[in-house]
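Residues per chain, in single letters:
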Amino acid sequence: MKTIGIIAEYNPFHQGHKYLIEEAKRITGAQRLVVVMSGNSVQRGDFALVDEFIRAEEAVGQGADLVIGLPFCYSSQSAEYFAKGATSILNSLGITDFLCYGSEHNELTSQRGIANLLDKKSIEILELTQGMMKTGISFPVAREQAVRQIGGKEYNYDIMATPNDILAIEYLKSLSKLESQIEPVSVKRRGSNHNDTDFETSIPSASATRS
């Protein structure tokens, strides 16, 4: 019996989350689903809109067999540490076969390649990034340019500017460091973009729902 792992905040649970669960089960054929979910504190240093136990109950109602709380020390951190904590939990269970996540570009080869560059060429990328930042550009832009320069034309570096792809890269980087046997499965994100606040769409974003 195969098991899917999904990392989420469900702040709040919406149609996009439901779609990901359904697609993950369809693509993998897995029968079980474990969700690692942020508690009452979420990324960006905010409090969850809905209580963690209500969100966990909603997840179970939509197909999750187990919901595990992501500790505050990870849930409130940057994408790197958020991903590190959540993937470590899924890996430590010893039953997780797939890590399924939504992404804007749905380009697993580029996600995996950039994750490998950030892991194996971290010192070179950091030095280039710091040098570029001295010219006045922001850290995300400088890091993207540094990775482009080192990685060549092999990958689509545009994915480094979209929120769910950024998380995907960090998931893959963490799985590699863990030498995990968990297989990543990218699902094309549907509906509004992560930060869109327009609620009049078929699948509004979490930002729109919170607003």
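Residues numbered from 1 in each chain as written. Predicted model: local features only at pLDDT ≥ 70, side-chain atom pairs only at ≥ 80, totals over all residues. Heavy atoms only, no water.

*Asks:* Lay out the overall build of the chain in plain terms, naming residues and giving numbers.
*Replies:* Across its full length, the chain carries nine helices and seven strands. The C-alpha radius of gyration computed for the chain amounts to 17 Å, which stays within 12% of the reference 17 Å derived for 211 residues, consistent with globular compactness. In terms of principal-axis extent, the alpha carbons of the chain reach across some 50 × 40 × 30 Å. Long-range contacts, defined as pairs at least 24 residues apart, comprise 71% of the intrachain contacts of the chain with a sequence gap of at least 6. Surface summary for the chain: the accessible area is close to 10800 Å², and the carbon and sulfur share equals 51%. Once the 21 positive and 26 negative side-chain charges of the chain are each reduced to a mean point, those two points are 4 Å apart. (Helix = DSSP H or I, 4+ residues; strand = E, 2+ residues; numbered from the N terminus. Rg over C-alpha atoms; globule rule 2.2 N^0.38 Å. Contact = heavy atoms within 4.5 Å. Areas by Shrake-Rupley, 256 points an atom, 1.4 Å probe, with all protein chains shown as cover. Lys, Arg positive; Asp, Glu negative; His and termini not counted. Charge placed at Lys NZ, Arg CZ, Asp CG, Glu CD.)

*Asks:* Any chance you could break down the sheet that holds strand E2 (residues 32-38) for me, citing the residues and the numbers?
*Replies:* Pairing is parallel across the open sheet formed by five strands, whose spatial order is E5-E2-E1-E6-E7. Only two strands of the sheet have a single partner each, and these edge strands are strand E5 (66-70) and strand E7 (183-188). When strand polarity is set aside, the average angle formed by the axes of neighbouring strands in this sheet is 25 degrees. The strands that helix H8 (residues 163-177) touches are strand E1 (3-8), strand E6 (98-103) and E7; relative to E6, the one it contacts most, it runs at about 160 degrees. (Pairing = 2+ DSSP bridges. Axes fitted to C-alpha atoms, helices over the stretch in contact; angles between N-to-C directions.)

*Asks:* Tell me about the packing of aromatic side chains, and please be specific about residues and values.
*Replies:* Throughout the structure, instances matching the rule amount to three aromatic pairs. Where tyrosine 101 meets tyrosine 171, the ring centres are 5.8 Å apart and the plane angle is 55 degrees; that geometry is what we call tilted. In this pair, tyrosine 101 sits in strand E6 while tyrosine 171 sits in helix H8, placing the two residues 70 residues apart along the sequence. Exposure class is identical for tyrosine 101 and tyrosine 171. Each is buried. For arginine 190, the ring lying beneath its charged end belongs to tyrosine 19, and the centroid distance is 4.7 Å. (Phe/Tyr/Trp six-rings, centres within 6.5 Å; stacked < 30°, edge-to-face > 60°. Buried < 20%, exposed > 50% of the residue type's maximum accessible area, 1.4 Å probe, protein only. Lys NZ or Arg CZ within 6 Å of the ring centre and 35° of its normal.)

*Asks:* So what's going on with the nonpolar core? Residues and values would help.
*Replies:* Core analysis: the largest hydrophobic core is formed by 30 residues, its most contacted members being Leu99, Ile114, Val147 and Tyr171. When residues of this core are traced back to their parent elements, those giving at least two are E2, E5, helix H4 (79-93), E6, helix H5 (108-120), helix H7 (139-151) and H8. Top element by residues in this core is H8. It accounts for six residues. In this view, isoleucine 114 contacts Val147, Tyr155, Asn156, Tyr157, Ile159, Met160 and Ile169; residues no more than four positions away in its chain are not counted. Core analysis: the next-biggest nonpolar cluster, separate from the first, contains 20 residues, Ile6, Ala56, Phe98 and Val185 among them. (Core = buried A, V, L, I, M, F, W, Y, C linked by side-chain atoms within 4.5 Å.)

*Asks:* Account for the pattern of salt bridges, naming residues and giving values.
*Replies:* All told, the structure shown has ten salt bridges when counted by the stated rule. Across the salt bridge formed by aspartate 119 and lysine 120, the nearest N and O atoms sit 3.7 Å from each other. When the shortest N-O distance is used, the salt bridge between lysine 173 and glutamate 170 registers 3.1 Å. Within this pair, lysine 173 and its partner glutamate 170 are both found in helix H8, separated by three residues, close to a single helical turn. Its relative accessible area of 8% is what places lysine 173 among the buried residues. Each of Glu80, Arg143, Glu170 and Lys173 takes part in one network of salt bridges that share partners. (Salt bridge = Lys/Arg side-chain N within 4 Å of Asp/Glu carboxyl O.)

*Asks:* Give me the packing of helix H6 (residues 122-133) against H7: which residues, what numbers.
*Replies:* Helix-helix packing: each pair is described by the crossing angle between the helix axes and the interaxial distance. Two elements in contact, H6 and H7, have axes separated by 8 Å at closest approach and are oriented at 130 degrees. It follows from the interaxial angle that H6 and H7 lie oblique. Crossing handedness for the pair H6 and H7: right-handed. The residues of H7 that touch H6, namely those facing Glu124, Ile125, Leu128, Thr129, Met132 and Met133, are Phe139, Ala142, Arg143, Gln145, Ala146, Val147, Gln149 and Ile150. (Parallel < 35°, antiparallel > 145°, perpendicular 65-115°, else oblique. Left-handed = near helix turned anticlockwise from the far one by under 90°.)

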